[in-house]
Amino acid sequence: MSDVPERWTQASVYPDMWTDPDEDPRNNDGVSPDGELATLQDFLTNYRLTLRMKCEGLDPEQLARRSVPPSTMSLLGLLRHLAEVERDWRNWIRPENPAPKLYGANDADFDGAVAEQAVVDSAFADLAREQAATDTALAAHPDLGERVGKESFAVRELWVHRIEEYARHCGHADLLRERIDGRVGQ
């Protein structure tokens, strides 16, 4: 008997996809957003939703399951890490009174990702709260060319960096989820 899960998908139209296109919550009316800011917001929203989809239906043990030694990466760790990163971005925007780290220094976001329901619930709540706070902070700066913070980052750079961070970690989430239960897809 192997401990490697068999690959599977819920999709029936395209078996290499996470779900069928007509059931994909990321697919809206098919009309792309108008303008650069709306496009950036749409991409970020879809990557955030993708991460949540990769975590759906898993119990605390599965969410906390590490990838391969010596990595500390897990889906739960990714949720906690992204909450921490959202807070960091907000600190870049408004560096005058930085919010403290949520989980501590170094890899505490991953190291503290333990298989307990309270930790899972807290991670989802922390991520939602930090996303909303960073979204609010960036909404005060609709000019993508505006420079913010003591390092004078362009607002556009912060948006693109956020998208890149979620995209990279959604790739990790793909592999983590497949290792947990074999589910594959976009």
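The structure under discussion appears in the preceding block.
Residues numbered from 1 in each chain as written. Predicted model: local features only at pLDDT ≥ 70, side-chain atom pairs only at ≥ 80, totals over all residues. Heavy atoms only, no water.

### Overview of the pattern of salt bridges
Here the idea is simple: oppositely charged side chains can pair when their charged atoms come close.
Here comes step 1: One pass over the full model with this rule turns up 15 salt bridges.
Here comes step 2: A salt bridge links Arg168 to Glu165; the shortest N-O distance between them is 2.8 Å. With Arg168 and Glu165 both in helix H6 (residues 155-181) and three residues apart, the pair spans about one turn of that helix.
Here comes step 3: Residue Arg168 is classed as partly exposed on the basis of its relative accessible area, which comes to 37%.
Here comes step 4: With a closest N to O distance of 3.0 Å, Arg177 and Asp181 form a salt bridge. Here Arg177 pairs with Asp181, and both are found in helix H6, just four residues apart, close to one helical turn. Each member of the pair, Arg177 together with Asp181, is buried.
Here comes step 5: Here the salt bridges do not stand alone but share partners, grouping Arg87, Arg90, Asp126, Arg129 and Glu130 into one network. (Salt bridge = Lys/Arg side-chain N within 4 Å of Asp/Glu carboxyl O. Helix = DSSP H or I, 4+ residues; strand = E, 2+ residues; numbered from the N terminus. Buried < 20%, exposed > 50% of the residue type's maximum accessible area, 1.4 Å probe, protein only.)

### A word on the state of the cysteines
Here comes step 1: Counted under the stated rule, the structure contains zero disulfides.
Here comes step 2: Left without a disulfide partner, Cys55 is nearest to the cysteine sulfur of Cys170, which lies 9.1 Å away.
Here comes step 3: Classification of Cys55 as buried rests on a relative accessible area of 4%.
Here comes step 4: Taking relative accessible area as the criterion, Cys170 reaches 4% and is therefore assigned buried. (Disulfide = S-S within 2.5 Å.)

### Quick look at unusual backbone geometry
Here comes step 1: Here the amide bond leading from Pro69 into Pro70 is cis, since omega sits at 5°, within 30 degrees of zero.
Here comes step 2: Relative to the helices and strands, Pro70 is located in the loop between helix H2 (60-64) and helix H3 (75-93).
Here comes step 3: Phi is positive for Ser152, which is not a glycine, with a value near 55°.
Here comes step 4: Relative to the helices and strands, Ser152 is located in the loop between strand E1 (147-148) and strand E2 (153-154).
Here comes step 5: The class of Ser152 is partly exposed, set by a relative accessible area of 33%.

### Thoughts on the side chain of His81
Here comes step 1: Within the fold, His81 resides in helix H3.
Here comes step 2: We classify His81 as buried; its relative accessible area is 16%.
Here comes step 3: Contacts of His81, omitting those with residues within four sequence positions, involve Asp109, Phe110, Glu165 and His169. (Contact = heavy atoms within 4.5 Å.)

Geometric values such as these leave the question of function open.
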